[in-house]
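Coordinate analysis (summary)
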There are 4 protein chains.
Amino acid sequence: MRRRLYLHLEPTAWPRTGLSPANVAIAVLIVSAALLAILETEDTLRSGAPRFFLFAELLIVLAFSVEYLARLYAAGEDPRYRGLWGRLRYMRTWWAIIDLLAILPFLVTMGAQNTFLLRLLKLLRLLRLSRLGRFSRAWAAISEAIHLRRFELMLSFAAAGMLLILSSACLYLVEGGAQPEAFGSIPRALWWSVATLTTVGYGDVTPITAPGRILAGITALAGIGLIALPTGVLASAFSDALRRQAAQDRSGPPGE
Amino acid sequence: MRRRLYLHLEPTAWPRTGLSPANVAIAVLIVSAALLAILETEDTLRSGAPRFFLFAELLIVLAFSVEYLARLYAAGEDPRYRGLWGRLRYMRTWWAIIDLLAILPFLVTMGAQNTFLLRLLKLLRLLRLSRLGRFSRAWAAISEAIHLRRFELMLSFAAAGMLLILSSACLYLVEGGAQPEAFGSIPRALWWSVATLTTVGYGDVTPITAPGRILAGITALAGIGLIALPTGVLASAFSDALRRQAAQDRSGPPGE
Amino acid sequence: MRRRLYLHLEPTAWPRTGLSPANVAIAVLIVSAALLAILETEDTLRSGAPRFFLFAELLIVLAFSVEYLARLYAAGEDPRYRGLWGRLRYMRTWWAIIDLLAILPFLVTMGAQNTFLLRLLKLLRLLRLSRLGRFSRAWAAISEAIHLRRFELMLSFAAAGMLLILSSACLYLVEGGAQPEAFGSIPRALWWSVATLTTVGYGDVTPITAPGRILAGITALAGIGLIALPTGVLASAFSDALRRQAAQDRSGPPGE
Amino acid sequence: MRRRLYLHLEPTAWPRTGLSPANVAIAVLIVSAALLAILETEDTLRSGAPRFFLFAELLIVLAFSVEYLARLYAAGEDPRYRGLWGRLRYMRTWWAIIDLLAILPFLVTMGAQNTFLLRLLKLLRLLRLSRLGRFSRAWAAISEAIHLRRFELMLSFAAAGMLLILSSACLYLVEGGAQPEAFGSIPRALWWSVATLTTVGYGDVTPITAPGRILAGITALAGIGLIALPTGVLASAFSDALRRQAAQDRSGPPGE
């Protein structure tokens with residue numbers, strides 16, 4: 001019986017492709033809990049249906065508590081977590097602590113305490129979704145590609161930082177006199193600069209003098225380079241990670 | 001005669017490269033009908049020339065009805081749709097239903113009923129354009145590339161979702177007090193967050209406090225990564241799909 | 001003497017790498033003329049220094065006339081354009097017509113007529129810069145890559161068009177009632193839609209209802225895909241064009 | 001002793017991977033000095049804690065002076081800079097001049113003179129960070145990729161320039177009458193044009209007439225191509241630079 005529970009709860013142990021029904025249900029539950037935590041912050045919703053939120057909260061904590069106990073019991077199938085000491089070792093793993101943090105505050109305070117920080121803790125459970133099924137392989141591919149070119153990526157962000165400071169300094173010089181509120185210092189000009197270089201362009205602050213606009217245009221064009229650089233680095237990193245994986249699959253037996 | 005009709009109407013049966021004259025005419029008709037359906041929604045145009053719209057509508061429905069009957073008749077060339085039962089089977093195919101939906105409402109109501117939903121149905125016909133000629137090969141290349149890296153793409157969208165929630169929660173915390181209308185809850189802050197992370201940047205809502213602006217700047221920079229990630233994934237996926245296709249063309253006889 | 005003139009004027013005939021001094025001077029002149037034509041449209045500049053603009057105009061027309069006659073004379077070096085009939089054939093070439101259009105209006109009207117359309121004609125000369133030196137090779141690489149994947153690129157633009165219409169129709173449905181001025185018809189909603197999907201985001205029109213904002217958020221996220229798709233296609237096309245060129249350089253003798 | 005100083009100060013001489021403790025401290029110092037120079041421009045901060053800024057300034061100049069003298073002394077380890085004349089030769093190197101510029105103004109004026117231009121000089125030191133450790137290898141990869149495709153990149157920027165002028169001229173023609181302040185000349189329309197083509201989209205100036213909006217929509221869509229082109233070029237350039245590097249590593253002994 002514990003064996004079956006382990007197979008259904010542990011994603012890597014599930015013999016078939018995809019997710020076990022239990023993990024699908026838990027994923028749905030995690031997303032629902034996160035959605036609830038988000039909607040809870042809106043007062044008009046919260047005061048409109050206080051009973052619904054309390055009831056849903058209770059249900060979710062109950063479900064997560066059952067899941068936590070079930071995982072704790074099933075962990076005995078893994079030789080590392082066998083016995084009482086093994087269970088304590090399991091409880092100290094990263095994921096088990098996240099699981100516990102999502103239910104402990106509510107249990108300890110008997111539901112009376114439900115501040116914002118506790119609500120944010122629930123959002124942490126969303127992280128667990130990345131462990132599920134085939135996403136773990138995709139996650140590995142992405143993180144390998146990023147890791148492979150981390151210095152190039154860091155360098156493009158450093159170049160972005162330099163550009164930010166440079167364009168802020170320029171605008172501060174030529175536009176600071178006309179609009180002291182928005183461009184009166186480099187930290188102030190940075191707000192405009194970051195909005196322009198990332199091509200967000202809020203438009204709450206824009207240069208009005210001719211030299212300011214010319215420099216702003218150059219900044220905006222440089223922003224394209226700022227987007228093209230990390231994108232190009234990542235694209236080549238993915239191609240490379242892919243080719244390497246394909247070469248591995250060909251030479252050795254498939255690893256999955 | 002039915003054979004010639006079939007060759008002219010069925011894109012895959014046309015012996016020469018490109019589209020048959022009949023299909024070019026139908027493509028032009030579909031685009032015109034869509035354009036008409038779009039312009040119809042503008043009252044100043046509709047009330048300015050009511051006769052033109054009614055006449056054009058009649059013409060288009062007539063042309064589509066003729067096309068539908070011609071396709072139904074020509075379908076007999078395909079062994080699957082031979083005979084009366086075959087025709088009924090043809091009428092139940094996906095494309096035949098779309099074709100029928102575009103003319104049925106007008107015919108049933110005798111043109112009296114022409115509500116918005118019926119107009120939207122006409123836009124559905126635009127989908128058929130994707131089947132035509134060489135686009136089907138390009139379409140296959142794009143959808144293969146997307147399918148190949150669907151998990152990486154879903155993961156980048158999941159990462160985008162996490163970033164959206166994270167930045168909304170941060171701005172809600174630091175900016176909620178100063179601007180309760182725009183940042184008073186996570187769902188409210190999401191509006192700002194999605195506009196910033198996608199680098200749209202409407203500027204109708206912007207943080208005004210110093211910590212809010214610093215977090216907004218970090219969010220905007222993270223938005224570059226959000227764009228770079230799926231772009232990089234897609235670029236490598238296209239390269240890979242291309243190489244595979246080239247390898248296939250080399251080993252076997254050209255398929256086109 | 002005609003031989004030397006031909007070597008200096010015809011970019012492909014210049015024996016050394018780079019541009020001949022004469023072509024460098026002409027390139028500078030073309031850019032100056034374009035800059036002048038742009039600045040001329042600004043009334044405050046034009047009425048502030050009318051003599052400068054007239055004088056510069058005269059100088060440029062003179063220089064272009066000399067260049068035109070010199071090219072006409074030097075064209076005789078090319079066997080195709082030898083003799084009087086050959087010169088007439090040269091005058092009918094695409095570039096010679098553009099060259100003539102840039103000076104003819106001023107000469108015919110004796111400088112009296114200088115309307116906007118004539119000014120735009122001068123900007124046409126900018127096109128000639130693409131023929132110069134090594135840019136022609138880079139130009140060939142870019143146009144080959146675009147040509148190679150023209151159907152995929154057209155399809156991504158078609159997908160962009162479908163998305164534009166779809167999001168306009170959605171916003172028209174949910175937001176049309178609240179803001180009839182901006183979302184009262186699909187053509188009106190298209191203005192908002194194109195600004196959002198291309199991530200420009202002017203912010204002059206934004207949805208204010210909750211369902212409108214949810215759909216706008218989805219549209220903005222879809223806009224990332226809209227940018228990622230053609231970028232990915234182009235990136236893989238460049239890689240492919242490059243590889244092909246490298247393979248060609250290896251097998252045959254270097255062509256440059 | 002001079003030998004040890006040299007090993008700790010010269011990044012390429014450090015025998016272990018990563019940075020020496022001395023260079024980590026200097027990097028932190030450079031970033032702090034830059035941060036200080038940025039914050040100094042904000043009057044509310046400067047007048048709020050004048051003593052802090054003066055004290056921090058003194059400390060930084062002192063530290064940089066010590067570093068400069070230490071580097072000058074340690075430079076003797078390099079055969080090129082041995083002896084008095086060698087030291088003078090070292091002082092004329094690019095980096096030594098930047099190092100000197102960061103401290104000289106303060107020393108000469110005894111801290112009395114601290115104008116904006118002097119503050120900007122301090123930001124120059126940020127450039128030195130690019131020399132450190134493994135970043136130099138990433139820097140080489142990025143600059144090689146950009147250099148490899150410099151003509152294609154220049155051409156995409158030239159195409160961007162042509163698009164900018166073209167869309168400005170169009171909007172000037174159709175929108176100039178309705179909004180003379182914003183579109184009354186090509187230079188004025190350029191401000192809108194650069195904000196639209198780079199997808200920044202401030203929204204301070206937007207077309208209001210129907211033909212103006214249609215042209216603006218086309219411009220915004222062209223802006224996607226403007227971003228896709230250099231990104232695609234860079235992505236393929238990185239892939240190529242990478243493949244070349246991998247081929248080199250395979251054939252010869254690893255170079256790092």
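Predicted model, so just to flag it, every value in this text is computed and none were measured.

Time to look at the interface of chain D and chain A. Size of an interface: often given as the accessible area lost when the parts come together. If you look at the interface, chain D gives 38 residues, while chain A gives 41 residues. At the boundary of chain D with chain A, the tally comes to 2 salt bridges. The partner of D204 of chain D in a salt bridge is R213 of chain A, with the nearest N and O atoms 3.9 Å apart. The tally of links from chain D across to chain A stands at 6 residue pairs in polar contact (both at pLDDT 80 or more). Those elements that place two or more of their residues in the side of chain D that touches chain A are α2 (21-40), α7 (116-124), α8 (135-148), α9 (150-175), α11 (186-197) and α12 (210-251) of chain D. Among the elements that make up the side of chain D that touches chain A, the one with the highest residue count is α12 of chain D (10 residues). Looking at the side of chain D that touches chain A, its residues break down into 26 nonpolar, 7 polar and 5 charged.

Here we take up the relation of the copies chain D and chain A. Relating one copy of the chain to the other takes a rotation about an axis and a shift parallel to that axis. By a simple turn and slide, chain D fits onto chain A: the slide is 0.0 Å along the axis, the RMSD is 0.1 Å, and the turn is 90°. Those values place the two copies in the arrangement expected of a four-fold rotation axis. Residue by residue, only 18% of the interface of chain D is reproduced at the interface of chain A, so the copies engage with different surfaces.

A word on the interface of chain B and chain A. Taken together, the contacts link 41 residues of chain B with 38 residues of chain A. Summed over both partners, the interface of chain B with chain A buries about 3500 Å², with 76% contributed by carbon and sulfur atoms. Inspection of the chain B/chain A interface yields 2 salt bridges. Where chain B packs against chain A, one counts 6 residue pairs in polar contact (both at pLDDT 80 or more).

Taken as rigid bodies, chain B and chain A are interconverted by a rotation of 89° and an axial shift of 0.0 Å, the fit giving an RMSD of 0.2 Å. The fraction of interface residues of chain B whose copies in chain A are also interface residues is only 17%, indicating that the copies meet through different surfaces.

Turning our eyes to something else, we now look at the nonpolar core. Ranked by size, the top nonpolar core spans 77 residues in total, and within it F183 of chain A, F183 of chain B, F183 of chain C together with F183 of chain D carry the most contacts. Excluding anything up to four places from it in sequence, F183 of chain A contacts L171, Y172, E175, G176, A189, W192, V205, T206 and P207 of chain A. By size, the runner-up hydrophobic cluster in this structure holds 48 residues, among which are A228 and A241 of chain A, L234 of chain B together with L155 of chain D.

Here we come to unusual backbone geometry. Phi is positive for T199 of chain A, close to 60°, though the residue is something other than glycine. Position of T199 of chain A relative to the elements: it lies in the loop between α11 (186-197) and α12 (210-251).

Residues and elements named next belong to chain A. Within this numbering scheme, the UniProt entry marks residues 20-40, 52-74, 94-121, 153-174 and 214-238 as carrying the feature "transmembrane region" (unreviewed entry). For residues 52-74, helix accounts for 100% and strand for 0%, while the C-alpha atoms at its two ends are 32 Å apart. Annotated as 100% helix and 0% strand, the span residues 214-238 places its first and last C-alpha atoms 37 Å apart.

Looking now at the side chain of S20 of chain A. All names here are of chain A. Inspection of the secondary structure puts S20 in the loop between α1 (2-9) and α2 (21-40). The class of S20 is buried, set by a relative accessible area of 1%. Within polar-contact distance, the side chain of S20 engages the backbone oxygen of H8 at 2.5 Å. For S20, the contacting residues outside a window of four places in its chain are H8 and W14.

According to the stated counting rule, one finds 16 aromatic pairs over all chains in the structure shown. Centre to centre, the rings of W191 of chain A and Y202 of chain A are 5.5 Å apart; their planes meet at 20°, and the pair counts as stacked. With W191 of chain A in helix α11 and Y202 of chain A in the loop between α11 and α12, this residue pair connects regions lying 11 residues apart in the sequence. On the numbers, 5.4 Å between centres and 65° between planes, the contact of Y81 of chain C with Y90 of chain C is edge-to-face.

A separate point is the side chain of S168 of chain B. Residues and elements named next belong to chain B. Inspection of the secondary structure puts S168 in helix α9 (residues 150-175). Residue classification places S168 among the buried residues on the basis of a relative accessible area of 0%. Among the polar contacts made by the side chain of S168, one reaches the main-chain carbonyl oxygen of L164 at a distance of 2.7 Å. Filtering out sequence-adjacent residues up to four positions away, S168 remains in contact with I186, A189, L190 and S193.

Here we come to the packing of α2 of chain A against helix α4 (residues 50-74) of chain A. Residues and elements named next belong to chain A. Packing of α2 against α4 brings their axes to within 11 Å, and their N-to-C directions diverge by 145°. Crossing hand, α2 versus α4: left-handed. Along the contact surface, α2 presents N23, I26, L29, I30, A33, L36, L39 and E40, while α4 presents F52, F53, A56, E57, I60, A63, F64, E67 and R71. Counted by class, the contact of α2 with α4 contains 12 nonpolar, 1 polar and 4 charged residues.

Here is what the cut-offs are and how they apply
Residues numbered from 1 in each chain as written. Chains lettered and ligands numbered in written order. Predicted model: local features only at pLDDT ≥ 70, side-chain atom pairs only at ≥ 80, totals over all residues. Heavy atoms only, no water. Contact = heavy atoms within 4.5 Å. Salt bridge = Lys/Arg side-chain N within 4 Å of Asp/Glu carboxyl O. Polar contact = N/O pair within 3.5 Å; in protein donor to acceptor, adjacent residues only side chain to side chain. Helix = DSSP H or I, 4+ residues; strand = E, 2+ residues; numbered from the N terminus. Nonpolar A, V, L, I, M, F, W, Y, C, P; charged D, E, K, R; others polar. Least-squares fit on C-alpha atoms with pLDDT ≥ 70 in both. Buried area = accessible area lost by both parts, 1.4 Å probe. Core = buried A, V, L, I, M, F, W, Y, C linked by side-chain atoms within 4.5 Å. Buried < 20%, exposed > 50% of the residue type's maximum accessible area, 1.4 Å probe, protein only. UniProt positions renumbered as here; feature names shortened; annotations may be inferred. Phe/Tyr/Trp six-rings, centres within 6.5 Å; stacked < 30°, edge-to-face > 60°. Axes fitted to C-alpha atoms, helices over the stretch in contact; angles between N-to-C directions. Left-handed = near helix turned anticlockwise from the far one by under 90°.

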